[in-house]
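Residue strings, one per chain:
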Amino acid sequence: MASYRRVVNSQKCVRAGGKHNDLEDVGRDIYHHTFFEMLGNWSFGDYFKVEACQMAWSLLTEHYGIPADRLYVSYFGGDAASGLPPDEETRNIWLDLGVSPGRILPFGLEDNFWEMGDSGPCGPCTEIHFDHMGVRDAAFLVNAGSPDVVEIWNLVFIQYNREPDRSLRLLPRFSVDTGMGLERLVSVLQGKRSNYDTDLFTPLMDAIHQRSGVGPYTGRTGTEEGSQVDLAYRVVADHIRTLSICIADGIHPGMSGAELVLRRILRRAVRFCIQVLQAPQGALASLVPTITQLLGDAYPELKQEEDRIVDIINENEAQFLASLQQGSRIIQRTLSKKDCKHSGFPASLAWTLHRDLGFPLDLVDMMLEERGVQVNRQDLDRLLLENQKVASEKRAGLWSHVMLDLHILAELQRLKVPHTDDSLKYQYGLEKDRYVFPACSATVLALCNGQTLVQEVSEGQRCAVILDRTCFYSEQGGQSHDRGYLTCSRLQDVVFPVDGLLQVGGYVVHQVTATDRLKTGDQVQLHLDQAHRLSCMVKHTATHILNFALRKVLGPSVHQRGSHVSADRLRFDFSVKGSLSIPQLQQVERCVHDIVTANQMVHTMELPMQRAKSIRGLRTVDEVYPDPVRVVSLHVPVSELLDSPPDKDTSVELCCGTHLLRTGAIEDLVIVSEKQMVKGISRVVAVTGRDAAQAREAGQALSQEVDSLSARLSGSSPSSIDSAQRLSKEASILSDAVDNTPIPQWQRRELQDRLKTLLRTSNSAIRKMELREAAQKAQAILEKNGRKTLLVDFVEAESLSVLVKTVNQLSSAAPFSHVMLLTRHAHSGKVLCACQVPKDSPTLAASDWAVAVCGYLGGSAGGSTLVAKGTGTSDDITEALRWAEDFVAQKRRR
């Protein structure tokens, strides 16, 4: 494809996060979507503005028959602050195509200058807008947010590169990237004002109506009566398309990145489906076959993955429903108690809904907006900052827990408070490939405020809560503690977030910030964050497999020296003489992969310590274990390992952590970091599941970029120093990306080695070109000025490096000369200065000369007695050259 110059395509697009984000608009209007199909024309250094505009106008007005008097075009009107002139070229092209001047409208950077990110290719764009009403002058409605005048096609002229310093640089070759939304085009061709009234959506709207408890879709928007129901129709229709497409492509609702965005979309869809459309549980997933009928021919993966899409949506809906009902009651009860229309909805409650019940904040906003209420945004922003600070402190180990000291433990024993029964943390099972965790109710046995035991705590107090039983896992054995919250039977729907969990003296200490009054004797229900727990289980079982794989690849001398398991990654420290080689890293990953894909059973058994030690191949860590101990094995049940040695090696360890019941849920494991911490101890960091897949994808993408750069550097020699430096800079940027992007560590090592070689080759070529150019310039200056004792001149040079090399060449040819050269840098406009003085110059140091001249030029300089360089900003270089000569003359007279 690298040889293609003209391309047309249709692609799946999701705009629900990052710079281009339509999620907030979906449902509120009749033309925005989170998922849509983008029709594109591309030119890679081939045609440009004239042909792009001609083809677009011809397709719309001649082939599709759209009346020209319904169309308006916008173009880039320039931006003085950025130094960008109006795109008059595009305006004149539209005039030549017969568009009347009143329909060609200029707009600024926000509307008509396209940029994907903070840096990279960009350029002005021209958009074609359609007026659904017609027979009027609708120019004033273009880019005004009107549902009747909408953009249908954007033609982007990629002619600049946005540099990291925010400056713009012309690209060596110009390209065209156009995008037209299929959904909007269909609405125009079918004469529909709304995308949702086209045959892309009407079968889906009918399917939603059949499952709902409300009337049919009528297309109302804004504040019209019944508009909330129609908004819900649009949200559900849009979101079920997005969910189906993304899940078919392997993206699942999750806890970070794209997965978190998809989780947010799913929860919005569930809320509108259940609460507004009054559809039963399961209705959302039952729409997937309709999506398959509508889009399955174009995207056959929808047909292949239909059952899996249904299962994932149903599973996630079930997880959210209890929280949705509870959150709705919290909102209703709060609004009935307080006058929130004037003071705003309490930010602390909005944050609780978000953090503990999994409500996307925008969903909280929409639910409140329906009731004419808003969250106190200032307080919510403060809570978000505080949460970030606490998270940062926890990562740095600065977060302070409410601890039970010896005196409090003694008091608990005196009061005969029984130890916490936490056996429920292990009592989960698999039902239809889904993990089911037990419900847990408990009694508050004791409360501690940090200094002493208390009978009750009030709102806002941080406290330690001791229960008679818990299903939460407390931090131990290298595994992060569970997350979740408590609710109290006498305080319906008040949520008490659990900030941390510790095990002290046989008690599981729940770290809680009270959101209402809590007292000893209260009956509470424990709500486990199941997604977080499952992520920790995946990482912990993966750690055992990794331990086994390292020993298998590196030999029996490998011993665990520490580990830590969290929801997002695992860390494993082990003894080894040196860093692992690329083949060893690949072997370890293959060994892990074999065990994961075999979907081996994970077995656990509690045994007396002495009996457990008799198991052949048992892995232990240098620490004190309780007696009895918990033994975790893969594939072979612990009971069989006790009876006789296994036919082949398997993983068997002492471990108190929570584990998967089968290895398949790990999906994949990628080692993203491996380095020696101290001599003889290496640390591995690894990710699993979707994070592992993303790491492999990122590694493949970077590998392709390195291939491309290598091909360009090994091809024809760069035409100029500037083009060679651009390639070198690209290699440096790519090297930073390879160093800092989560990719397979074996691949990182390979790419780092290749990039080091490319950088050496590139920098060597630059040095040779600079020396050649410097020699030519030095020769020309000597022919012009001779070998004078004072040689001050202006020269054209591409960089400070070339300027310094030219000065060096002149000084070698005229060793008794004081040499200073100035040039103006083409890109920055700055004056560059370089100078050198004879070795035995008694009157003048090069650094003093450069500092004085650059100071005169409004800049700065530095260097040594013999050689110096600097920059300035003055426009008058001729006067600066004269001033530089006078400075030397004055020094000589002293």
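Residues numbered from 1 in each chain as written. Predicted model: local features only at pLDDT ≥ 70, side-chain atom pairs only at ≥ 80, totals over all residues. Heavy atoms only, no water.

### Considering the pairing of strand E31 (residues 867-872)
Argument step 1. Where burial is concerned, the two faces of E31 differ: the one with Ala-868, Gly-870 and Gly-872 is buried and the one with Val-867, Lys-869 and Thr-871 is not.
Argument step 2. Here strand E29 (residues 831-836) runs beside E31; their pairing, made up of six bridges, is antiparallel. Residue pairing in the sheet places Val-831 in a bridge with Gly-872 of E31.
Argument step 3. Of the pairings in the sheet, the one linking strand E30 (residues 860-863) to E31 comprises four bridges and is antiparallel in character. (Buried < 20%, exposed > 50% of the residue type's maximum accessible area, 1.4 Å probe, protein only. Helix = DSSP H or I, 4+ residues; strand = E, 2+ residues; numbered from the N terminus. Pairing = 2+ DSSP bridges.)

### Quick notes on the pattern of salt bridges
Argument step 1. One pass over the structure, following the stated rule, counts 34 salt bridges.
Argument step 2. The partner of Asp-148 in a salt bridge is Arg-193, with the nearest N and O atoms 2.4 Å apart. With Asp-148 in the loop between strand E6 (120-131) and strand E7 (149-162) and Arg-193 in the loop between helix H4 (182-189) and helix H5 (202-211), this residue pair connects regions lying 45 residues apart in the sequence.
Argument step 3. In this structure, a network of salt bridges that share partners links the residues Lys-12, Asp-249 and Glu-301. (Salt bridge = Lys/Arg side-chain N within 4 Å of Asp/Glu carboxyl O.)

### Regarding the sheet that holds strand E24 (residues 652-654)
To summarise the sheet geometry, strands pair through backbone hydrogen bonds and adopt either a parallel or an antiparallel arrangement.
Argument step 1. Taken together, three strands build an open sheet; the order of strands is E22-E23-E24 and the sheet is antiparallel. Unpaired on one side and paired on the other, strand E22 (602-607) and E24 mark the two borders of the sheet. Averaged over neighbouring strand pairs, the angle between their axes works out to 20 degrees when direction is ignored.
Argument step 2. With three bridges joining them, strand E23 (residues 629-634) and E24 adopt antiparallel strand pairing. Directly across from Ser-633, in E24, lies its bridge partner Val-652.
Argument step 3. Sheet strands touched by helix H16 (residues 530-554): E22, E23 and E24. Its angle to E23, the strand with the most contacts, is close to 70 degrees. (Axes fitted to C-alpha atoms, helices over the stretch in contact; angles between N-to-C directions. Contact = heavy atoms within 4.5 Å.)

### With respect to empty space enclosed by the protein
Argument step 1. Scanning all chains against the criterion turns up one cavity of 30 Å³ or more.
Argument step 2. Along its surface, the largest cavity is lined by Ile-208, Arg-211, Ser-212, Val-236, Cys-273, Leu-277, Ala-279, Ala-283 and Leu-287.
Argument step 3. Split into classes, the residues belonging to the lining of the largest cavity amount to seven nonpolar, one polar and one charged. (1 Å grid on protein atoms, 1.4 Å probe; cavity = no way out; pocket = protein on both sides within 12 Å on 5 of 7 lines; lining within 4 Å. Points joined across faces, edges and corners; volume = space filled by probe spheres on them. Nonpolar A, V, L, I, M, F, W, Y, C, P; charged D, E, K, R; others polar.)

### Here's the deal with unusual backbone geometry
Argument step 1. Positioned with a positive phi, Lys-416 is a non-glycine residue whose angle comes to about 60 degrees.
Argument step 2. Relative to the helices and strands, Lys-416 is located in the loop between helix H15 (406-414) and strand E9 (429-431).

### Notes on the confidence of the model for the protein chain
Argument step 1. Looking at the protein chain as a whole, its pLDDT mean stands at 89, while 97% of the residues score no less than 70.
Argument step 2. The least confident element of the protein chain, judged by mean pLDDT, is helix H14 (residues 377-396) at 72; the most confident is strand E3 (residues 71-76) at 98. (pLDDT = per-residue confidence, 0-100.)

### Concerning the side chain of Ser-633
Argument step 1. Among the secondary structure elements, Ser-633 is positioned in strand E23.
Argument step 2. The class for Ser-633 is buried, based on a relative accessible area of 0%.
Argument step 3. With near-sequence residues (within four places) excluded, Ser-633 lies in contact with Met-601, Val-602, His-603, Val-638, Leu-641, Ser-651 and Val-652.

### Some points on the sheet that holds strand E27 (residues 790-794)
Argument step 1. If you walk across this open sheet you meet the five strands as E27-E28-E29-E31-E30, and the pairing is mixed. Looking at which strands have only one partner, the edges of the open sheet turn out to be E27 and E30. Here the strands of the sheet are splayed against their neighbours by 10 degrees on average, with no regard to which way each runs.
Argument step 2. Pairing analysis gives five bridges linking E27 to strand E28 (residues 818-824), with the strands arranged parallel. Directly across from Val-792, in E28, lies its bridge partner Met-820.

### Focus on the packing of helix H7 (residues 257-276) against helix H10 (residues 306-337)
Argument step 1. Running from N to C, H7 and H10 cross one another at 65 degrees; their axes reach a closest spacing of 9 Å. Judged on the interaxial angle alone, H10 and H7 are roughly perpendicular. Where H7 crosses over H10, the handedness of that crossing is right-handed. Note on element contacts: H10 touches H7 through Ile-313, Asn-316, Glu-317, Phe-320, Leu-321, Leu-324 and Ser-328, opposite Leu-266, Arg-267, Val-270, Arg-271, Ile-274 and Gln-275.
Argument step 2. Looking at side-chain class alone, the contact of H7 with H10 contains seven nonpolar, three polar and three charged residues. (Parallel < 35°, antiparallel > 145°, perpendicular 65-115°, else oblique. Left-handed = near helix turned anticlockwise from the far one by under 90°.)

### Remarks on the environment of Gln-809
Argument step 1. Mapped onto the fold, Gln-809 is located in helix H23 (residues 800-813).
Argument step 2. A residue is classified by how much of its surface remains accessible, and Gln-809, at 27% relative accessible area, is partly exposed.
Argument step 3. Residues Gln-809 and Ala-774, 35 residues apart in the sequence, show an inter-C-alpha distance of 7.0 Å.
Argument step 4. If we skip the residues at most four places from it in the chain, Gln-809 touches Leu-771, Ala-774, Ala-775 and Ala-778.

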